[in-house]
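Spelled out, the chains give:
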Amino acid sequence: MWRSLWRSIDRFSLQYFKYVINELREIKVVHKANRESVVDILQSIVEIVTYGDRHDPAIFECFMEYQVLAEFVRLLKISRNSRIEVPLLQYLSIMIQNMDSEHAIYYCFSNDYINSIITHQYEFDGGDLAPYYVSFLRAVSSKLNRDTLCLLVKVHEDVVVAFPLYSEALKFAYHGEKMIQIAVRALTLNIYNVSDAMVYQFVTSPPVSEYFSDLVQSLREQCFHLDALVHAKEETSFPEKEKELRMATDKIVDDLYYFKDILCIGESRLSKLVAQNLLNLLIFPVFFPLLQLSQSSGSDLSAVTCLYVISRLLQVVGGKSMVNSVAGIILYPSMTSSMRDTTRGDSGNGSFQDKSFVTNLNKLEMQCSGLESEGAENIERNCLFGHLLDYISSDSHFVSCPWDNKLGERSGLLSYIFSDNHSLVLASLFFLLVLGGSKDLDYLLASTIGFSETKTGRQKTIDISASQLVDGSVFVKYVPQILNALLKVLASHPPFSVQFQWHTGWFLQKLLAFQEEKLVDNDLHLFNTSYEQSCERLRKEIDGCWFDFIPDTLRNEWESYKRALAETSLSKDPFFTLELAVHKETVGGDMASSYAWRRMVDTVKVFIVHLHLKAFIFKGEPLEDLPINLMSSSVANSGKNHPSDISTASFGSELALGSGIPCKIAFSKVGTRDIYLKPVGRGISGKLLLMEKNPFKTRQGVVIAIAPLAGLSPKRDESQPTWLHLRIREFEPRFDTRQTIGNYSIASNHVADGRWTLGFSSAEACEAARLLILEEIQKQRYSVESLLAPLLRSSSHGDLSDGQGE
């Protein structure tokens, strides 16, 4: 009976919705005392409206009739230090995000309610209001289309004079919280994607358009911050330095992808504004001093940082304007040299030295226009030269760059390619490969540069030689000298770091593809010398403490290097250029097995580089797989056919004592124990077992300790001839199959080696144990040598396939 009197309330009924609205209307002021009840009312309203939008049209009709959004605006105005703004904006965001009906969204955006909430005078000092406010703005932007956008702008004579959603959002464009910055950028892209002509005119006109120039200025400041990190004098460890560089470059790349997103919208006014700002405020100012085309201000980016930034920009942003402008800049010195040679025939008094960059650029433009008259291509070229000429005319520091003996032929980018700074050499070469491989590069400029990885259909169909612009491909003619310089890096003694050699191998293999003729004898001698050095270092590692892991390391690093070689210049991260610039080679004096492991991995990496280069140089094709015997061998499975000896031996296993040698060992907690020492090897795997005799089975022993045979280095004590000292590898390597070129496959934390001291009944027994251990180690080492024999043939011309059946 009582249950029938107390009927449950349907929270999503129209009747209850009207009740909640009336409760909201009765609120005259919002303060701390009634804040919680007001929040509950807001929550109920949003839940009911969201439900009604999908299931009950009458609820939303009531929402419009009672003008609930007007009540929300009123709540903001009557709030008295109640902090009601956060929950109000949060629930409004939820309501807007969950609206599916176009009719409902259209109503919410009309009557200027949303603009009133946007322009309300909030107090953002401290607290957590800003994230909720920006989240609300983003929620509104996510529902924009051509029909709703017009409801949020103020128009006078067909011109947008105010757009609160956009203008207020831009105030948070450089907020300290990353998530707020991301939300603002997502909001702007939502607005740009609506494709409204009047809004485009608004965002690309001053003062609103200053947002784009500010973005580029902010990006430029980040570039200088990155440069400061690269050249910081503080003594910090390389991992810490690398982490700082990663954080700085990640911010730069995020900005570049944002510019890319804007350009991908495809609106001409927006694209032109972004491109002009990038060219005039970033690319030209940092690139002209780099190529000695303008006077240095003393605060320019260093060459390696500049090359990184421009390479990343070309990879991420691309676009014909930027790619071709950069190409035009780097071609200037060579273009000027060619024109100088042509002019000398007409004038013997050196009058060419008075010709400016503008004059030469105009000549190049005329040649390009004359060679190809089709509209779209010609317009793009004119746009390129227009950008350059506009910037040059406004740059008071520009140098007309007379050609004298001081500059010579190797100026501009070539001065870095042939620099003594090897990290700068690789950075400039990488930039050139990125530029040459860009699909946006004008085919005439691509022919002039000569490093295009692929030819477009237009290049294939038009019979035009690069000599019509300048005398031959500007950079390809230097490939033999570049290859020689890179081979010297590989053959240098003492050798460069493994990172240098790995990346040098990548460059060599890419550049060899451009080299139609074989290497000259001098270059072949350099490579053979380098190859023999890598083989010799690997042979030394076979005598080291990690020789048993060499086959596994070869397989792991082989696959890693194959993935690295498959990377194109456009997909390869140029971060390595910064790593090489800051990397300092540590002097190896550490005898710990963890250090020896890193040295072995580095040696294997360099050896793999040489194997691939050998095949490419002598056969003209890359290697695909290692010899079959290496592909099937492993430390983990080498004993799989003999489970009774090794693969099942673990702590607590019971095995036959057999030829085990009795001895004693002292443990800190359990004292001295009588044990048997038994070294056992199978193939490339080997273990040293310490066993206690089973009291119930006199010929059986229980394993109490296991150590790898490799690295034991058994030595008798000088003062106690019955004692035998063993070094135990405590370091446990872990291969990372996701690694990329130049990265270690294991953690670099230093781990101290363990030490065992065994006592024997006599000096003869101690010596017999030492020799038995060495004998088993030598068998294991011989197995590894047999596996590596096909790869370590003395001749650099050896064929890997020769050993596949061995």
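Residues numbered from 1 in each chain as written. Predicted model: local features only at pLDDT ≥ 70, side-chain atom pairs only at ≥ 80, totals over all residues. Heavy atoms only, no water.

A. Just the packing of helix α4 (residues 57-65) against helix α7 (residues 102-109), in detail. Axis separation between α4 and α7 bottoms out at 11 Å; the angle between their running directions is 10°. Accordingly, the angle class assigned to the pair α4 and α7 is roughly parallel. Within the contact between the two elements, α4 uses F60, E61, F63 and M64 and α7 uses H103, A104, Y107 and C108. Grouping the amino acids of the contact of α4 with α7 by side-chain chemistry returns six nonpolar, one polar and one charged. (Axes fitted to C-alpha atoms, helices over the stretch in contact; angles between N-to-C directions. Helix = DSSP H or I, 4+ residues; strand = E, 2+ residues; numbered from the N terminus. Parallel < 35°, antiparallel > 145°, perpendicular 65-115°, else oblique. Contact = heavy atoms within 4.5 Å. Nonpolar A, V, L, I, M, F, W, Y, C, P; charged D, E, K, R; others polar.)

B. Representation of the confidence of the model for the chain within the structure. For the chain, per-residue confidence averages 81 on the pLDDT scale, and 78% of positions sit at 70 or higher. Note on residues 363-382: pLDDT is under 50 here. Beyond four places in sequence and across chains, it has 34 contacts. (pLDDT = per-residue confidence, 0-100.)

C. Local environment of the nonpolar core. F163, Y166 and Y192 are the most contacted members of the largest nonpolar core, which totals 237 residues. The greatest single-element share of this core, amounting to 14 residues, is contributed by helix α30 (residues 593-619). Leave out the neighbours within four places in its chain, and F163 touches L149, L152, V153, I191, V199 and F202. Within the second largest apolar cluster, eight residues are counted, among which are Y676, V680, L689 and V703. (Core = buried A, V, L, I, M, F, W, Y, C linked by side-chain atoms within 4.5 Å. Buried < 20%, exposed > 50% of the residue type's maximum accessible area, 1.4 Å probe, protein only.)

D. Region of interest: the pattern of salt bridges. Enumeration over the complete set of coordinates arrives at 22 salt bridges. E71 serves as the salt-bridge partner of R74, at 2.8 Å between the closest nitrogen and oxygen. Taken together, the residues R74 and E71, both in helix α5 (residues 68-78) and three residues apart, mark about one turn of the helix. By relative accessible area, E71 is classed as buried at 13%. Between K779 and E776 there is a salt bridge; the shortest N-O distance is 3.6 Å. Of this pair, K779 and E776 are both found in helix α32 (residues 763-788), three residues apart, which corresponds to roughly one turn of the helix. Take K779: its relative accessible area is 45%, and that puts it in the partly exposed class. Relative accessible area serves as the criterion here: at 12%, E776 is assigned to the buried category. What you see here is one network of salt bridges that share partners, running through R246, R312 and D573. (Salt bridge = Lys/Arg side-chain N within 4 Å of Asp/Glu carboxyl O.)

E. Molecular detail of the side chain of T603. As for its position among the elements, T603 is in helix α30. Apart from the residues within four sequence positions on either side, T603 is in contact with R537, L538 and E541.

F. Expanded view of helix α27 (residues 521-542). For α27, with 22 residues, the first-to-last C-alpha span of 31 Å sits near the 32 Å given by 1.5 Å per residue. Residues of α27 that are buried in the fold lie against α25 (479-491), α28 (550-566), α30 and α32. (Expected span 1.5 Å × (residues − 1).)

G. Structural detail: α32. In this model, α32 (26 residues) spans 37 Å end to end at C-alpha, consistent with the 38 Å of a helix rising 1.5 Å per residue. Those residues of α32 not exposed but buried are A765, C766, A769, I773, E776, I777, Q780, R781, V784, L787 and L788.

H. Quick peek at the sheet that holds strand β3 (residues 654-656). Spatially, the eight strands line up as an open sheet ordered β3-β7-β6-β5-β4-β10-β9-β8, and their pairing is antiparallel. With partners counted over all chains shown, the strands left at the sheet margins are β3 and β8 (715-716), one partner each. Inspection of the sheet shows β3 paired to strand β7 (residues 697-708) by three bridges, in the antiparallel sense. Residue pairing for β7: L655 is matched across the bridge by G701. (Pairing = 2+ DSSP bridges.)

I. Spatial organisation of the pairing of strand β6 (residues 685-694). For β6, the buried fraction is high: seven of the 10 residues fall into the buried class. Direction of pairing for strand β5 (residues 671-682) relative to β6: antiparallel, over a ladder of seven bridges. Bridge assignment links P679 to a residue of β6, and that residue is L688. Between β5 and the antiparallel strand that follows it, β6, lie two residues; G683 among them carries a positive phi value of about 60°. Note that β6 and β7 share eight bridges and pair antiparallel. Paired with E692 across the bridge in β7 is V702. In sequence, β6 turns back onto β7 through a hairpin of two residues.

J. Spotlight on unusual backbone geometry. Between P206 and P207 the backbone carries a cis peptide bond, its omega angle lying at 0°. Inspection of the secondary structure assignment puts P207 in the loop between α13 (197-203) and α14 (210-230). Positive phi, close to 55°, is recorded for E157, a residue that is not glycine. Judged by relative accessible area, E157 falls into the exposed class, the value being 65%. Here the phi dihedral of S713 falls at roughly 50°; this positive angle occurs in a residue that is not glycine. For S713, a relative accessible area of 37% gives the class partly exposed.

K. Examining the packing of aromatic side chains more closely. Scanning the model with the defined rule gives 30 aromatic pairs in all. With centroids separated by 6.1 Å and ring planes inclined at 45°, the aromatic side chains of F430 and W506 adopt a geometry described as tilted. With a gap of 76 residues between them, F430 in helix α22 (residues 422-437) and W506 in helix α26 (residues 498-512) connect regions that are remote in the sequence. Judged by relative accessible area, which is 0%, W506 ranks as buried. Taking 6.5 Å as the distance between ring centres and 85° as the angle between the ring planes, the aromatic pair formed by F430 and F507 counts as edge-to-face. One end of the pair, F430, is in helix α22; the other, F507, is in helix α26, and 77 residues separate them in sequence. Considered together, F430 and F507 belong to a single accessibility category, that of buried residues. Here the aromatic residues F163, Y166, Y192, F202, Y211 and F212 are joined through ring pairs into a cluster of three or more. Above the plane of the ring of F575 lies R246, whose end atom (NZ or CZ) is 3.7 Å from the centre. (Phe/Tyr/Trp six-rings, centres within 6.5 Å; stacked < 30°, edge-to-face > 60°. Lys NZ or Arg CZ within 6 Å of the ring centre and 35° of its normal.)

L. Structural context of the state of the cysteines. Inspection of the entire model under this criterion finds zero disulfides. Distance from the sulfur of C223, which forms no disulfide, to the nearest cysteine sulfur (C306) is 8.8 Å. A relative accessible area of 0% places C223 in the buried class. C663 provides the cysteine sulfur closest to C766, a residue in no disulfide bond, and the two sulfurs are 9.4 Å apart. (Disulfide = S-S within 2.5 Å.)

M. Focus on the environment of V230. On the secondary structure map, V230 appears in helix α14. Separated by 353 residues in the primary sequence, V230 and H583 place their C-alpha atoms 9.9 Å from one another. If near-sequence neighbours (up to four positions away) are discounted, V230 is found in contact with K241, L245, V304, T305, L578, A581 and V582.

N. Highlighting the packing of α25 against α27. Axis separation between α25 and α27 bottoms out at 9 Å; the angle between their running directions is 25°. Taken together, the axis directions place α25 and α27 in an arrangement best described as roughly parallel. For the pair α25 and α27, the sense of crossing is left-handed. Residues P480, N484, L487, K488, L490 and A491 of α25 lie in contact with α27, whose contacting residues are N522, D523, L526, F527, S530 and Q533. Split into classes, the residues belonging to the contact of α25 with α27 amount to six nonpolar, four polar and two charged. (Left-handed = near helix turned anticlockwise from the far one by under 90°.)

O. How the structure looks around the pairing of strand β2 (residues 159-162). Of the pairings in the sheet, the one linking strand β1 (residues 154-156) to β2 comprises three bridges and is antiparallel in character. Residue K154 lies in a different strand from β2, and its bridge partner there is A162. Linking two consecutive strands that pair antiparallel, namely β1 and β2, is a turn of two residues; a positive phi of about 55° is found at E157 within it.

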